[in-house]
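Listed below are the residues making up each chain.
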Amino acid sequence: MPFEVPALPYDYAALEPTIDEATMKLHHDKHHQAYVTNLNSAIEKHPELASKNPEELIADLPAIPEAVRKVVQNNGGGHVNHTMFWEIMKPNGGGEPFGEIGEQIKSDFGSFDDFKKQFNETTAKQFGSGWGWLVFDGTKLQIVTTANQDNPISQGHYPILGNDVWEHAYYLKYQNKRPDYLAAWWNVVNWEAVNARFATAKSYKK
Ligand SMILES: [Fe+2]
């Protein structure tokens, strides 16, 4: 069974005005689909990889045959990253984080506002295409960035949340103003989903 782009859990326009409908259509139907199509082409050439799920594939890149390793890194990463991205957003989301992730953010960053500031500043500086991430190192939360479609899971860190700062994620509405997109994005975060990912991150073993 080849990999598939999961259906969006809400309408294309549901995240307006934070993320516009046209961006969501292109991002989900074209960009995410392209990653999945390219990943499936690589798997076709190496059917032994089909038994693993996409997270397992990118968690152990050295185990991927060299001929398709970069394709799996980029497109497997693209698939995993975007699958998470749709899940951790929702219409009428945002607000203060609650539950265990809310407590951990307060404990590690002082306040939600301090955390957001640090996340936005760090992610705004990511040169070129990439992602800003919140990961758990076993003791504390950390903010990290990656280039391209690299995912922290390849370094042993299960991502709790991530924001896409490829221009395709924001350029139609925000043009070159990446910091404005980063600031607005918190209005659509689904903290229930982020709490579920935090629970997974705490028990994650490669
Ligand atoms: Fe993207």
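This structure is a prediction, so every number in the text was calculated from the model and none was measured.

J.: Help me get a handle on the overall build of the chain, residues and values and all.
T.: Looking only at helices and strands, one finds eight helices and three strands in the chain. Mapped in sequence order, the helices and strands of the chain form the string α-α-α-α-α-β-β-β-α-α-α. By the compact-globule yardstick of 17 Å for 206 residues, the chain fits well, its C-alpha radius of gyration being 17 Å. For the C-alpha atoms alone, the extent of the chain along its principal axes is close to 45 × 40 × 30 Å.

J.: Give me the coordination of the iron ion: which residues, what numbers.
T.: Donor atoms from the polypeptide that bind the iron ion are His-27 (NE2), His-82 (NE2), Asp-164 (OD) and His-168 (NE2), placed at 1.9 to 2.1 Å. Here the iron ion is ringed by four donor atoms whose angles at the metal span 91 to 137 degrees, and the overall shape comes out irregular. Sequence spacing of the donor residues for the iron ion, all on one chain, is H-x54-H-x81-D-x3-H. Placement of His-82 in helix H3 (residues 66-87) and of Asp-164 in strand E3 (residues 159-164) is noted, with a sequence separation of 82 residues between them. Of the two residues, His-82 and Asp-164, neither departs from the other in class, the shared state being buried.

J.: Lay out the pattern of salt bridges in plain terms, naming residues and giving numbers.
T.: Applying the stated criterion across every chain, the model contains five salt bridges. Note that Glu-100 is salt-bridged to Lys-202, the shortest N-O span being 2.2 Å. Separated by 102 residues along the polypeptide, Glu-100 in helix H4 (residues 99-109) and Lys-202 in helix H8 (residues 191-203) bring together distant segments of the chain. Of the residues examined, Lys-202 reaches a relative accessible area of 37% and is grouped as partly exposed. Two residues, Asp-113 and Lys-116, come together in a salt bridge whose shortest N-O distance is 3.9 Å.

J.: Please set out unusual backbone geometry residue by residue, giving values where relevant.
T.: A cis amide bond links Glu-16 to the next residue, Pro-17, at an omega of 0 degrees. A positive phi is found at Asn-92, a non-glycine position, where the angle reads about 55 degrees. Relative to the helices and strands, Asn-92 is located in the loop between H3 and H4. On the basis of relative accessible area, Asn-92 is assigned to the exposed category, the value being 77%.

J.: An account of the domain arrangement of the chain is needed here, citing residue identities and associated values.
T.: For the chain, the assigned domains are domain 1 (21-87) and domain 2 (99-202). One C-alpha centre belongs to domain 1, the other to domain 2; they are set 20 Å apart. Counting the surface lost from both domain 1 and domain 2, the interface buries some 1,600 Å², and carbon and sulfur atoms represent 56% of this. For domain 1, the biggest contributors to the area lost against domain 2 are Asn-81, Met-84 and Phe-85; these three give 33% of the whole. The interface formed by domain 1 and domain 2 holds zero salt bridges in total. Linking domain 1 with domain 2 are nine residue pairs in polar contact (both at pLDDT 80 or more), by the criterion used here. Elements with a minimum of two residues in the side of domain 1 that touches domain 2: helix H1 (21-45), helix H2 (54-59) and H3. Top contributing element to the side of domain 1 that touches domain 2 by residue count: H3, with 10 residues. Its residues assigned to classes, the side of domain 1 that touches domain 2 shows nine nonpolar, nine polar and two charged.

J.: Give me the pairing of strand E1 (residues 130-136): which residues, what numbers.
T.: Most of E1 is tucked away: seven of the seven residues are buried. Where burial is concerned, the two faces of E1 agree: the one with Gly-130, Gly-132, Leu-134 and Phe-136 and the one with Trp-131, Trp-133 and Val-135 are both buried. The pairing of E1 with strand E2 (residues 141-147) spans seven bridges and is antiparallel. When the bridges of E2 are listed, Val-135 appears paired with Gln-142. Between E1 and E2, which follow one another and run antiparallel, lie four residues, and Gly-138 among them has a positive phi close to 105 degrees.

Parameters at a glance
Residues numbered from 1 in each chain as written. Predicted model: local features only at pLDDT ≥ 70, side-chain atom pairs only at ≥ 80, totals over all residues. Heavy atoms only, no water. Helix = DSSP H or I, 4+ residues; strand = E, 2+ residues; numbered from the N terminus. Rg over C-alpha atoms; globule rule 2.2 N^0.38 Å. Donors = N, O, S within 2.8 Å, 3.2 Å for Na, K, Ca; no water. Tetrahedral: all angles 85-135°; square planar, octahedral: opposite > 155°, others 65-115°. Buried < 20%, exposed > 50% of the residue type's maximum accessible area, 1.4 Å probe, protein only. Salt bridge = Lys/Arg side-chain N within 4 Å of Asp/Glu carboxyl O. Domains from an automatic or database assignment. Buried area = accessible area lost by both parts, 1.4 Å probe. Polar contact = N/O pair within 3.5 Å; in protein donor to acceptor, adjacent residues only side chain to side chain. Nonpolar A, V, L, I, M, F, W, Y, C, P; charged D, E, K, R; others polar. Pairing = 2+ DSSP bridges.

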